[in-house]
Amino acid sequence: MAYVRSGTPPADALKTLWRERKLSLAPVDLSGVWRFREALPILPAGVEPVTLREGNTPIYGLPRCAKSAGVDELFAKHQGMNPTGSFKDTGMTTALSMARVKGFQWVGCASTGNTSASMAAYAAHAGMRALVLIPEGKIAWGKLSQSLDYAASTCQLKTDFDGCVRVLGEVIRRFPLYLLNSVNPYRLEGQKTTAYEMMEQLGWAPPDHVIVPGGNLGNSSALGKGFREMLAMGLIAHLPKLSIVQAAGANPLVRSMREFGGERIEPVHAETRATAIRIGNPASWKKAVAVLRETGGACLDVSEEEIGVAKAEVGADGVGCEPASAVTLAGLKKLVRSGFVKRGESVVLVLTGHCLKDPEYTMDFHRDTAAGNASLRKPPVLLDADAEAVIDILNRLGM
Ligand code: F0G
């Protein structure tokens with residue numbers, strides 16, 4: 001779908017226009033998504049989007065993670081700093097705005113927790129009703145609680161994410177409900193603006209590598225689309241290599257690339273504690289394969305232990321993220337070891353969710369005395385209410 005209007009101003013004029021909008025106080029300009037509206041599906045004249053000031057997320061340096069991965073410099077575009085704590089908000093503002101334009105009362109999604117949190121918030125903000133289908137048990141509590149807090153109708157189905165998608169498909173055939181899963185094209189349109197914003201923040205100089213987690217594969221597809229469009233519009237001079245990292249227990253794309261050259265995919269039974277990407281039958285795999293081919297990116301998986309260590313390392317850099325986001329650092333380490341990423345190359349990890357999304361995972365990691373990563377574990381210490389006891393700890397830790 002080509003959404004760029006034929007009368008779009010030239011690249012330099014767009015860059016100036018988008019930067020100048022940062023000084024505006026209009027909600028549509030304060031949104032880090034709608035600020036780039038020349039590159040977005042156009043809402044009918046006079047229609048205000050449903051926005052919670054999404055986007056405008058920071059790029060942080062990760063100096064300690066860089067060292068541990070073996071690169072000179074490492075950056076993270078932290079999409080967990082969106083209003084509901086995940087990258088989903090950038091696509092939800094566009095798709096939910098379109099749902100309202102189309103006159104729907106109800107929106108719905110199957111989710112591993114972040115899409116549902118985001119959809120629930122935007123639907124509530126727009127005065128619309130939201131149906132959430134989530135897998136029972138395998139969802140982080142932070143995300144489930146958001147769906148309740150934002151007053152969605154939440155159904156925990158006795159199945160996994162892939163089963164929820166199947167059920168939702170049938171519900172939609174029988175009830176007038178607008179589908180907000182990432183197969184929704186407007187979701188991808190909003191999410192692609194993260195690539196635009198990243199380039200703006202980096203002075204329109206693409207990094208050598210962008211690394212993203214892969215679940216249902218909407219995000220990798222969306223970012224790839226963003227970079228492709230920017231190249232076509234003359235906003236950037238070349239494409240970064242966009243690499244996709246999956247959890248080893250939920251790696252259908254990795255298998256597809258390895259076993260079938262990306263020509264077909266076989267669903268897997270997904271199992272990982274990074275519940276956001278516990279997906280065995282990803283909807284947007286064909287688009288993701290196209291992005292890998294076009295940008296020359298790698299596709300790889302990482303173990304549960306590698307995810308746990310990487311998450312603790314991102315935390316120890318003062319940034320923090322949820323487990324699914326940490327696959328990017330774990331993947332980078334492997335890519336450096338294999339020589340795909342060179343020490344002096346520039347790398348941006350896309351951190352997709354906030355560390356408060358899944359505090360149970362964090363607590364388990366730090367309290368797990370069996371895990372081998374003693375230097376990273378910082379379990380809470382139980383002491384008497386006594387300054388001596390605390391000073392004793394400080395002395396033991398050293399000056
Ligand atoms: N990281 C986080 C934190 C996610 O929530 C998701 C997907 C992904 C990565 C993977 O992105 O699916 O576009 O490849 N979460 C979806 C959800 C499936 O329902 O919240 P993807």
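Scroll up for the structure.
Residues numbered from 1 in each chain as written. Predicted model: local features only at pLDDT ≥ 70, side-chain atom pairs only at ≥ 80, totals over all residues. Heavy atoms only, no water.

*Asks:* What's the story with helix 12 (residues 304-316) in this structure? I'm lost.
*Replies:* Because each turn of an α-helix spans 3.6 residues, side chains separated by three or four positions end up pointing in the same direction. With 13 residues, helix 12 ought to run about 18 Å at 1.5 Å a step, and its terminal C-alpha atoms sit 18 Å apart, in line with that. The complete set of buried residues in helix 12 reads I307, G308, V309, A310, K311, A312, E313 and V314. Looking at the buried positions of helix 12, the neighbouring elements they touch are helix 3 (63-69), strand 8 (241-247), strand 9 (299-302), helix 13 (323-338), strand 10 (347-351) and helix 14 (359-367). Downstream of helix 12 by a residue or two, G318 has a phi angle that is positive, lying close to 80°. (Helix = DSSP H or I, 4+ residues; strand = E, 2+ residues; numbered from the N terminus. Expected span 1.5 Å × (residues − 1). Buried < 20%, exposed > 50% of the residue type's maximum accessible area, 1.4 Å probe, protein only. Contact = heavy atoms within 4.5 Å.)

*Asks:* Just to check I follow, could you spell out the sheet that holds strand 6 (residues 177-179) for this structure?
*Replies:* Working definition: the strands of a sheet are paired by backbone hydrogen bonds and lie parallel or antiparallel to each other. In spatial order, the strands read 5-4-3-6; together these four strands make up an open sheet with parallel pairing. Here the strands that pair on one side only, and so sit at the sheet edges, are strand 5 (153-157) and strand 6. The sheet shows a mean angle of 25° between the axes of neighbouring strands, taken without regard to direction. With five bridges joining them, strand 4 (residues 129-135) and strand 5 adopt parallel strand pairing. For L131, the partnering residue across the bridge sits in strand 5 and is S153. Of the strands in this sheet, strand 4 and strand 5 touch helix 6 (residues 141-149), which is tilted by about 145° from strand 5. (Pairing = 2+ DSSP bridges. Axes fitted to C-alpha atoms, helices over the stretch in contact; angles between N-to-C directions.)

*Asks:* Would you take a moment to explain the layout of surface pockets for this structure?
*Replies:* To locate leftover empty space, one rolls a probe as large as a water molecule over the atoms. Within this model, the largest pocket holds a volume of roughly 230 Å³. Taken together, 16 residues form the lining of the largest pocket, with K311, A312, G315, T362 and H366 sitting closest to its centre. Of all the secondary-structure elements, those providing two or more residues to the lining of the largest pocket are helix 12 and helix 14. Of the residues in the lining of the largest pocket, the class split is nine nonpolar, five polar and two charged. (1 Å grid on protein atoms, 1.4 Å probe; cavity = no way out; pocket = protein on both sides within 12 Å on 5 of 7 lines; lining within 4 Å. Points joined across faces, edges and corners; volume = space filled by probe spheres on them. Nonpolar A, V, L, I, M, F, W, Y, C, P; charged D, E, K, R; others polar.)

*Asks:* Looking at this model, I keep getting lost on the packing of aromatic side chains. Mind explaining?
*Replies:* Both the distance between ring centres and the angle between the ring planes are used here to describe each pair of aromatic rings. Within the structure shown, the criterion is met by six aromatic pairs. A centroid spacing of 5.0 Å and a plane angle of 70° characterise the contact between W18 and F36, whose relative ring orientation is edge-to-face. On the criterion of sequence distance, the pair formed by W18 in helix 1 (residues 11-20) and F36 in the loop between helix 2 (27-30) and strand 1 (59-61) is long-range, its members being 18 residues apart. With 6.0 Å between their ring centres and 80° between their planes, W106 and F175 make a pair best called edge-to-face. Residue W106 is located in strand 3 (residues 106-110), and its partner F175 is located in the loop between helix 7 (161-174) and strand 6; the two are separated by 69 residues in the primary sequence. Here W106 falls in the buried class, since its relative accessible area comes to 16%. Judged by its relative accessible area of 39%, F175 falls in the partly exposed class. Positioned over the ring face of F260 is R264, at 3.9 Å from the centre of the ring. (Phe/Tyr/Trp six-rings, centres within 6.5 Å; stacked < 30°, edge-to-face > 60°. Lys NZ or Arg CZ within 6 Å of the ring centre and 35° of its normal.)

*Asks:* Explain the environment of S303 here, please?
*Replies:* Positionally, S303 belongs in the loop between strand 9 and helix 12. As for S303 and I393, which are separated by 90 residues in sequence, their C-alpha atoms are 34 Å apart.

*Asks:* Quick question: what am I supposed to make of the side chain of D317 here?
*Replies:* Along the chain, D317 falls in the loop between helix 12 and helix 13. Taking relative accessible area as the criterion, D317 reaches 11% and is therefore assigned buried. Beyond its immediate stretch of four places on either side in the chain, D317 contacts L62, P63, R64 and C65.

*Asks:* Would you take a moment to explain the pattern of salt bridges for this structure?
*Replies:* Two side chains bearing opposite charge may form a pair once their charged atoms approach each other closely. Per the stated rule, a full pass over the model turns up 24 salt bridges. Taking the shortest distance from any N to any O, the salt bridge between R35 and E200 comes out at 2.8 Å. A residue pair is termed long-range when its members are at least 10 positions apart, and R35 in the loop between helix 2 and strand 1 and E200 in helix 8 (residues 185-201) qualify at 165 residues. Assessed through its relative accessible area of 13%, E200 is described here as buried. Between E197 and K77 there is a salt bridge, with the nearest N and O atoms lying 2.4 Å from each other. Residue E197 is located in helix 8, and its partner K77 is located in strand 2 (residues 75-78); the two are separated by 120 residues in the primary sequence. (Salt bridge = Lys/Arg side-chain N within 4 Å of Asp/Glu carboxyl O.)

By themselves, these are just geometric observations and shouldn't be taken as functional.
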